[in-house]
Amino acid sequence: MSHSTIRLTTAQALVRFLAAQYTERDGVRHRLIAGTWGIFGHGNVAGLGQALTEAGEDVMPYHQGRNEQAMVHAAVGYARQCGRLSTQAVTTSIGPGATNLVTGAALATINRLPVLLLPGDYFASHAADPLLQQLEHPVEADVSVNDTLRPVSRWFDRITRPEALIPSALNAMRVLTDPAETGAVTLALPQDVQAEAFDWPAEFFAERVWRVRRPAPDPAELADAVRAVRAARRPLVVAGGGVHHSGAEDALKALADATGIPVASTQAGKGSLRHDHPADLGGIGHTGTAVSDDLARTADLVVGVGTRYTDFTTASGTLFQNPEVRFVNLNVTAFDAHKLAATTLVCDARAGLTALTRALAGHRVDAGYEAEYRAGKQRWERVVEAAFGTGDDSAVPTQSQVLGALDAVVGDDDVVINAAGSLPGDLHKLWRARSPRQYHLEYGYSCMGYEIPAAIGVQQAAPNTPVWALVGDGTYLMLPTEIVTAVQEGLPVNVVLVQNHGYASIGDLSESVGAERFGTAYRYRAADGSFTGAPLPVDLAANAASLGMDVLRAKTVGELRVALGTARASDRPTCVYVETDVERPAPAAPPAEAWWDVPVAEVAAHEAAVRARVRYDREAVARRRHL
C-alpha cells in the first residue's frame, strides 16, 4: 500500500474526497455527491469557495442558490428522485447562513433522505474571537449556532483539526448510504481549519464504492409474517415511502397480483402501484379515499411496508378499529418495524416483499373480499371524476378542477411536487399516479416553500422529464427566490401558482376547531381591526415574471387547460397562474374520510369553539392503542 501524501487544505481535501465517493445497488453505480450548492460568505468563501474554484466543474459541479433552506430542499428533491442513491452537498457561511439550514435538515431527516451539510463555523483556534456572526455562549466556549443542527442531523461533527476530517468524512458517507440510518449529515467546518494545510494520505482520495444493502428477512420473522397473512380474512397493505426508496414497486405488484391483497398508500408511498391497478385503493388516513379508510376500519391484518405510521396515516389512532386487528411491519428500520406492537419483518422492502410472495404461493384472499374492494374503488373513481369535472369551460376553476386539468395534460413520467397547504389533501385523495416517481409529496415535514427548489433538484436529476411544482399563494410567498436559479440554470420547471388569497388549508382547519379563520386570510384590515377587508392587491404572476419566468395567466377552466399544455411543451421555466373560485361549492374535493387529532380549547367564550370541543370529544373516544 502506498504511503504517499498530498498536501492540501482541509477544504480542498474534502472536495477531492467527495468527488471519489460512489454508491452501488443491484450492480448499478451512482456518484454519491453529484454537486454542491453554495452561498458564500466570510465563513466559507476562502475555504470551500476556494476549493470548489480550484477543483472545477468536472470534479465537483457547483450550483448557486439564493436561500440556504432552499438549497437543502433542492438537494433533497434530487436525492428522492435518485432513489437515495445520489445526493448533493450544501455549503454556507457561519451565522444566519448556517441556521437557515435547520429547517431543510429537519425535512431531510424526517423524510429519511440523504443530504450533506457543510456550514462554516468559528475559528477552532479562537485566534479571532468573537467573529462576525459568532454566538458567544457564557459558559460553553465550544458551542456555536451550528449546534442547532445536532438534533436534526443523523450524524454531526465539528472538524477542529484537519486530520479529524478523515474518520468523520468516512462516517458521514456511511450514514448517507445506510438505508436504515440516512438523513441530514452535518460536518461543521471552522473557517481557519478549512484553509489549513495538511499532508493527507493518498489513500483518502481513492475511489470508494458504498454498497447500499438489501438485507434479507430473518427466516423466523418471515415465517411469522406468512402465518399472519394466511390466517387473515381481511388483510390490507399500507405502502409507505420505503417502497419507493427500495425500488420495490414491482415486488409489491407481484404480491398484489398473486394474493389479491389490496394496497392503500401513505403520502410518501402513493404511486407504489399504478392508479389503475385493481388492488390500488389510493391514499389512506385523514386524507385518504373512502374505500381505503373503510377497509382499514375492518381490516384484521395490516401489513405496513416502509411506513412510519404518522398521525395522518392512522387518523390519529382512530382508523384501525377491528378489535382483532394485528400488524405486520416490513421495514428496513427496526424502530419503525416495531410500531403498533407489530410482528416485525426487518429487511429491505424489495427483498422482503419478494420473499413474502414466494412463501405465500397458492394463497389468495376470498373472492368476495376482492369484489368488495374493487366495487369501492369504482365508486371512488366516480368521486374523482366529479371533482375533476370540467363543466363550463368559461367558469373560474375550483382547486380540484385545477388538478383535473393537470391530470389531463401530464404524461406517465411527469413529476408533480407539493408539500403544504390544502393541495396535499386533494392530491392524496384524487391524483391518479401513473408511475413510481410521479407523485412527489413532502408530507413528513410538510414544509411551505419546499416545492419550487425541490422541482429544481428533481429537474437536475431527471433533465428530460416535465416537472410541476404546485403551490398556493401562501407557500409561494414563503420561498419563491429559487425561480432565479431555475432561470439561471435553464431548467424548464413548471410552477402552477394557485391564488386563493390566504392560508386555505389552515383557514378550513381554523374554522373546524373554533378559531374562526383568525389570521389566515390575505386581506386588508377592516374597521374593526380584523383582516376581513378586500383581498390584498398582490400580483404574484408579475412577481414570477420579474424573477425571469415565462408567465401564463389562466382565468377559466378552458384557458387553464391550454396554459398547462403550453407550459409542458416549453423549454423555459414557466408559471401558470390561476385564481380559484373558493366560494363555488362544486365540483370540489371530497371531505376528509377519517379524523385528525388537533386539540380544541377545553373552555372557551366563543360558541364556535364550544361546538368544536363537543365534536372533538365525540371523535377522540375512538382513539386506541394497539398492544
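Each chain carries its own residue numbering, running from 1 in the written order of its sequence. The predicted origin of the model limits local features to residues at a pLDDT of at least 70 and limits the giving and counting of side-chain atom pairs to 80 or more, whereas totals for whole chains, interfaces and linings rest on all residues. Where side-chain values are given, they derive from all heavy atoms of the structure, hydrogens and water being excluded.

S.K.: I would appreciate a short explanation of the overall build of the chain in the present structure.
M.R.: We count a stretch as a helix when DSSP gives it H or I for four or more residues in a row; a strand needs E for two or more, and each element gets its number in order from the N terminus. Broken down by element type, the chain carries 24 helices and 23 strands. The C-alpha radius of gyration computed for the chain amounts to 25 Å, which stays within 12% of the reference 25 Å derived for 627 residues, consistent with globular compactness. Over its C-alpha atoms, taken along the principal directions, the chain stretches across nearly 70 × 70 × 55 Å. When accessible area is computed with a 1.4 Å probe and restricted to protein chains, residues below 20% of their type maximum are described as buried, those above 50% as exposed, and intermediate ones as partly exposed. A buried classification covers 57% of the 627 residues belonging to the chain. This radius of gyration counts C-alpha atoms alone. The globule rule is 2.2 Å times how many residues there are, raised to the power 0.38.

S.K.: Please explain the sheet that holds strand S19 (residues 439–441) as it appears in this structure.
M.R.: Overall, parallel pairing links the six strands, which are arranged S19-S18-S20-S21-S23-S22 in an open sheet. Across the chains shown, the open sheet's two edge strands, defined by having one partner strand only, are S19 and strand S22 (550–554). Across the sheet, the mean angle separating the axes of adjacent strands is 20° when strand polarity is ignored. A pair of strands is considered paired only if DSSP assigns at least 2 bridges between the two. One ladder, built from five bridges, connects strand S20 (residues 467–472) with strand S21 (residues 494–499); its direction is parallel. Along S21, the bridge assignment pairs Val-471 with Leu-497. Contacts between residues were defined by any pair of non-hydrogen atoms, one from each residue, lying within 4.5 Å. For helices, the axis comes from a line fit to the C-alpha atoms of the stretch in contact; other axes are also lines fit to C-alpha atoms, and the angle between any two N-to-C directions lies between 0 and 180 degrees. Packed on one face of the sheet, helix H17 (residues 423–430) meets strand S18 (415–418), S19 and S20 and runs near 150° to S19. Against the sheet, helix H18 (residues 451–461) makes contact with S18, S19, S20 and S21, and its axis sits at roughly 175° relative to S20, the strand it touches most.

S.K.: Explanation requested: empty space enclosed by the protein in the structure shown.
M.R.: Space left empty within the atom packing is revealed by a probe, the size of a water molecule, rolled over the atoms. Definitions used for this entry: grid spacing 1 Å over protein atoms alone; cavity, a set of points where a 1.4 Å probe fits but cannot get out; pocket, an open set with protein on both sides within 12 Å along at least 5 of 7 lines; lining residue, one with an atom within 4 Å of a point. Grid points are joined across faces, edges and corners, and a volume is the space filled by probe spheres set on the points. A full pass over the atoms with the stated rule returns three cavities of 30 Å³ or more. In this structure, the largest cavity spans a volume of roughly 60 Å³. Together, Ile-94, Gly-95, Ala-98, Gly-120, Asp-121, Tyr-122, Gln-133, Gln-134, Leu-135, Ser-144, Val-145 and Asn-146 line the largest cavity. Considered class by class, the residues forming the lining of the largest cavity number five nonpolar, six polar and one charged. Reported here for the second largest cavity is a volume of approximately 50 Å³. Around the second largest cavity, the lining residues are Arg-80, Gln-81, His-244, Pro-436, Arg-437, Tyr-439 and His-440. Residue assignment for the lining of the second largest cavity shows that the elements contributing at least two residues are helix H3 (68–81) and S19. Amino acid classes used here: Ala, Val, Leu, Ile, Met, Phe, Trp, Tyr, Cys and Pro are nonpolar; Asp, Glu, Lys and Arg are charged; the rest, including Gly, are polar. By residue class, the composition of the lining of the second largest cavity is two nonpolar, three polar and two charged.

S.K.: I keep staring at H18 and nothing clicks. Help me out?
M.R.: One turn of an α-helix holds 3.6 residues; hence residues three or four places apart share an orientation. Of all eleven residues making up H18, ten are buried, and the element is well covered by its neighbours. Along H18, the residues that are buried comprise Glu-451, Ile-452, Pro-453, Ala-454, Ala-455, Ile-456, Gly-457, Val-458, Gln-459 and Gln-460.

S.K.: I would appreciate a short explanation of the pairing of strand S4 (residues 33–38) in the present structure.
M.R.: The side chains of a regular strand alternate, residue by residue, between the two faces of the sheet. Counting buried positions along S4 yields six of six residues, so the element is predominantly enclosed. Direction of pairing for S4 relative to strand S6 (residues 87–92): parallel, over a ladder of four bridges. The residue of S6 that forms the bridge with Gly-38 is Thr-91. Here three bridges tie S4 to strand S5 (residues 62–64), and the two strands are oriented parallel to one another. Bridging from a neighbouring strand, Trp-37 pairs with His-63 of S5.

S.K.: How do you make sense of the pattern of salt bridges when you look at a structure like this?
M.R.: If charged atoms from side chains of opposite charge come close, those side chains can pair. Salt bridge, as applied in this entry: a Lys or Arg side-chain nitrogen positioned within 4 Å of an Asp or Glu carboxyl oxygen. The final tally for this structure, using the stated rule, is 35 salt bridges. Here Arg-568 ties to Asp-414 by a salt bridge, and the two come within 2.8 Å at their closest N and O atoms. Residue Arg-568 is found in helix H23 (residues 557–569), and its partner Asp-414 is found in the loop between helix H16 (399–409) and S18; the two are separated by 154 residues along the sequence. What makes Asp-414 buried here is its relative accessible area of 1%.

S.K.: I tried to follow the packing of aromatic side chains on my own but got confused; where do I start?
M.R.: Two measures describe an aromatic ring pair: the distance that separates the ring centres and the angle between the ring planes. Working definition: rings of Phe, Tyr and Trp (its six-membered ring) pair if their centres are within 6.5 Å, and the pair is stacked with planes under 30 degrees apart, edge-to-face with planes over 60 apart, and tilted otherwise. This structure, assessed with the given rule, holds eleven aromatic pairs. Aromatic side chains Trp-595 and Tyr-616 sit 5.6 Å apart centroid to centroid with 55° between the ring planes, which places their arrangement in the tilted category. Of the two residues, Trp-595 is situated in the loop between strand S23 (574–579) and helix H24 (607–620) and Tyr-616 in helix H24; the sequence distance between them amounts to 21 residues. Each of the two residues, Trp-595 as well as Tyr-616, counts as buried. Chaining the aromatic ring pairs together yields one cluster made of Phe-17, Phe-198, Trp-200, Phe-204 and Phe-205. Look at NZ for Lys and CZ for Arg. If either is within 6 Å of the ring centre and within 35 degrees of the ring normal, a charge sits over the ring. The side chain of Arg-16 reaches across the aromatic face of Phe-205, ending 5.5 Å from its centre. Its guanidinium or amino end placed over the ring of Tyr-22, Arg-29 lies 5.8 Å from that ring's centre, counting from NZ or CZ.

S.K.: Before we go on, may I ask you to explain the packing of H16 against H23 in this structure?
M.R.: Helix packing geometry: the angle between the two helix axes and the distance between the axes. The interhelical angle for the contact between H16 and H23, taken along N-to-C directions, is 40°, at an axis separation of 9 Å. One finds that H16 runs oblique with respect to H23. In the packing of H16 onto H23, the handedness of the crossing is right-handed. In contact with Gln-401, Val-402, Ala-405, Leu-406 and Val-409 of H16, H23 contributes Val-557, Leu-560, Arg-561, Leu-564, Gly-565 and Arg-568. For the contact of H16 with H23, a count of residues per class yields seven nonpolar, two polar and two charged. Should an angle fall under 35 degrees it is taken as roughly parallel, and over 145 as roughly antiparallel, whereas 65 to 115 is taken as roughly perpendicular and any remaining angle as oblique. If you view the pair so one helix is near and one far, a crossing is left-handed when the near helix is turned anticlockwise from the far one by less than a right angle, and right-handed when it is turned clockwise.

S.K.: So what exactly am I meant to see when it comes to the side chain of Gln-134 here?
M.R.: Of note, Gln-134 is situated in the loop between strand S7 (115–121) and strand S8 (155–158). Those residues in contact with Gln-134, other than ones at most four positions away along the chain, are Ile-94, Tyr-122, Ala-128 and Asp-129.

S.K.: Could you clarify how one ought to interpret unusual backbone geometry in this entry?
M.R.: Negative phi is the rule for most residues except glycine; trans is the rule for most peptide bonds. For the peptide bond that leads from Asp-129 to Pro-130, omega is 0°, which places it in the cis range. By the secondary structure assignment, Pro-130 is in the loop between S7 and S8. The phi angle at His-126 is positive, at roughly 60°, despite the residue not being glycine. When you line up the elements, His-126 lands in the loop between S7 and S8. A positive phi angle is found at Leu-340, which is not glycine, with a value near 60°. Checked against the element boundaries, Leu-340 lands in the loop between helix H13 (334–337) and strand S17 (343–346). The class of Leu-340 is partly exposed, set by a relative accessible area of 23%.

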